[in-house]
Amino acid sequence: TAALFDLACLAAKFRDPNSGSCTTIEELHEKGAERLRDEFVPTNRPVVLRSILNDWRPVERWCSDEYLRTTAPDSIVSVRRVDAAGGLTATGGSEYKTEEVAWSVLLDAHAEAEAHGCAATYYAAQLRLRTALPGLFADVHPVPPCVGALGPLWRNAPAP
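Residues numbered from 1 in each chain as written. Predicted model: local features only at pLDDT ≥ 70, side-chain atom pairs only at ≥ 80, totals over all residues. Heavy atoms only, no water.

Q: Mind showing me how you'd approach the side chain of Asp-139 here?
A: Counting through the fold element by element, Asp-139 comes out in the loop between α7 (134-137) and α8 (145-148). Asp-139 gets classed as buried once you look at its relative accessible area, which sits at 3%. There is a polar contact of 2.9 Å between the side chain of Asp-139 and the side chain of Trp-62. In this structure Asp-139 touches Trp-56, Arg-57, Pro-58, Arg-61, Trp-62 and Tyr-67, once residues within four positions along its chain are discounted. (Helix = DSSP H or I, 4+ residues; strand = E, 2+ residues; numbered from the N terminus. Buried < 20%, exposed > 50% of the residue type's maximum accessible area, 1.4 Å probe, protein only. Polar contact = N/O pair within 3.5 Å; in protein donor to acceptor, adjacent residues only side chain to side chain. Contact = heavy atoms within 4.5 Å.)

As structure tokens, then:
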């Protein structure tokens, strides 16, 4: 955690103007949503959140490869392909080459990459859970108060 605190010091706005030292970064624990919403978000002040999301379903469930596979067994997702050097394959300009693959293919690519200590073949950028993986999208509800304190989760969507 010391490195985390040190990284915050890189931004001038988080340094004490008189001493040049890093502003103390507070930690919020389980019941910190109100303070997060009222004190930290409006002032863009950094804060470390500890154990606040431990009982949220995505945190509990999504670490299981089996759960991810059985919750969305027939889903197709849009991915970006990673080239052999580990970079995203661009089709020219700033657009990336996207393709549709089975959810299981994406999971397999990541499992294989992890086993070999290399970059995965595919990268799921801006994956829309609501439409691509509705079974997983259901897990995000109810939204924990600390997440709701950051503002709406989805653009053009009513607050949860």
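Q: Help me understand the nonpolar core, please; the structure alone is not making it clear to me.
A: For soluble globular proteins, nonpolar side chains are generally found buried alongside one another. Val-77, Val-79, Val-101, Trp-103, Leu-106, Tyr-122 and Leu-133 are the most contacted members of the largest nonpolar core, which has 13 residues in total. Among the secondary structure elements, those contributing two or more residues to this core are β3 (76-81) and α5 (103-116). Examining the composition of this core, we find that four residues originate from one element, α5, more than from any other. Not counting chain neighbours up to four residues away, the residues in contact with Val-101 comprise Ser-75, Ile-76, Val-77, Val-79, Leu-106 and Tyr-122. Of all hydrophobic cores here, the second largest spans nine residues; its members include Leu-36, Val-143, Cys-146 and Ala-149. (Core = buried A, V, L, I, M, F, W, Y, C linked by side-chain atoms within 4.5 Å.)

Q: Help me understand the sheet that holds strand β6 (residues 98-102) in this model?
A: Within a sheet, adjacent strands bond to each other through the backbone by hydrogen bonds, running parallel or antiparallel. Taken together, the three strands give an open sheet; going across it, the order is β6-β3-β7, and neighbouring strands pair in antiparallel fashion. Both edges of this open sheet fall to β6 and β7 (122-123), since each of them pairs with a single strand only. The pairing of β3 with β6 spans five bridges and is classified as antiparallel. Paired with Val-79 across the two strands is Glu-99, which belongs to β6. Here α5 sits on the sheet and contacts β3, β6 and β7; the angle it forms with β6, its principal contact strand, is near 95°. (Pairing = 2+ DSSP bridges. Axes fitted to C-alpha atoms, helices over the stretch in contact; angles between N-to-C directions.)

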